[in-house]
Amino acid sequence: MLRTLLLQALLLTIVCGSSVQHLLKAANLESSNEPIPGESPLELCDADYSQILSLDSVRMDPVPPERGQNLTIIAIGTLSEAIEEGSYVDVDVNYGYIKLIHTTYDLCDELPNVDLQCPIKKGPHTIEKEVAIPNEVPPGKYVVIARAYTKNDDLITCLTGEVEFPPYGALEAGDE
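Thresholds applied
- Residues numbered from 1 in each chain as written.
- Predicted model: local features only at pLDDT ≥ 70, side-chain atom pairs only at ≥ 80, totals over all residues.
- Heavy atoms only, no water.
- pLDDT = per-residue confidence, 0-100.
- Contact = heavy atoms within 4.5 Å.
- Pairing = 2+ DSSP bridges.
- Helix = DSSP H or I, 4+ residues; strand = E, 2+ residues; numbered from the N terminus.
- Axes fitted to C-alpha atoms, helices over the stretch in contact; angles between N-to-C directions.
- Phe/Tyr/Trp six-rings, centres within 6.5 Å; stacked < 30°, edge-to-face > 60°.
- Lys NZ or Arg CZ within 6 Å of the ring centre and 35° of its normal.
- Buried < 20%, exposed > 50% of the residue type's maximum accessible area, 1.4 Å probe, protein only.

1. Description of the confidence of the model for the protein chain
Then, in step 1: In the predicted model, the protein chain carries a mean pLDDT of 84, and 79% of its residues have values of at least 70.
Then, in step 2: Contacts of residues 1–7 to residues separated by more than four positions or lying in other chains number 14 contacts, the stretch itself having pLDDT below 50.
Then, in step 3: Counting contacts from residues 9–29, a segment whose pLDDT is below 50, to residues more than four positions away or on other chains yields 70 contacts.

In structure tokens, the structure reads:
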């Protein structure tokens, strides 16, 4: 369920809106992160490299996300080229220092999770989606890095985010 939630957040930001990246990733070289306008825990990673998606803003409500609550995500951006069959997403999810997920997803197979399908035309896009965060999300800090690529290995976007869920029974944001 957490994988689905994280992937939906990523997909929303991708649709609103290189080979060199694969070499950097293989060499474990880091590049700079930049904040994304709006209120969300997401940042643009690999910001030093050209990306097909230009994000104007990403807004999540509530921030931080809370167990048992719906999370609304609104993403606004522009794609400089269409997203077509063969596009994919490399996702890493860490729980503290433990790598939970390291996998690749077919981007077009995952788009129905955010009510879209391939191809996605180039140009401006605004997407809004509400997802439920299960009560069962274990406490701890989760860090996600997702890099989306075209079928030709051009970087669509690189997003990273960190969310921490408090221990069960602890007051969460908004509780008094």
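More follows now that the structure is in view.
2. Section: the sheet that holds strand β7 (residues 123–132)
Then, in step 1: Strand order in the open sheet made by the three strands is β3-β4-β7, with antiparallel pairing throughout. Looking at the sheet topology across the chains shown, the edges are occupied by β3 (53–61) and β7. Recorded for the sheet is a direction-independent mean angle of 15° between the axes of neighbouring strands.
Then, in step 2: Bridging between strand β4 (residues 70–79) and β7 involves ten bridges; their strand directions are antiparallel. Across the sheet, residue L79 finds its bridge partner in β7, namely G123.

3. Section: the packing of aromatic side chains
Then, in step 1: Under the definition given, this model contains three aromatic pairs.
Then, in step 2: Here the aromatic rings of Y95 and Y142 are separated by 5.0 Å at their centres, their planes lie at 50°, and the arrangement is tilted. With a gap of 47 residues between them, Y95 in strand β5 (residues 88–95) and Y142 in strand β8 (residues 140–149) connect regions that are remote in the sequence.
Then, in step 3: Clustering of aromatic rings is evident, with ring pairs tying together Y95, Y142 and F165.
Then, in step 4: The ring of Y168 carries R67 above its face, with NZ or CZ at 4.3 Å from the centroid.

4. A closer look at the pairing of strand β9 (residues 155–165)
Then, in step 1: The element β9 is extensively covered by neighbouring structure, given that nine of its eleven residues are classed as buried.
Then, in step 2: Of the pairings in the sheet, the one linking strand β2 (residues 42–44) to β9 comprises three bridges and is antiparallel in character. Paired with L42 across the bridge in β9 is G161.
Then, in step 3: Pairing between β8 and β9: ten bridges, direction antiparallel.

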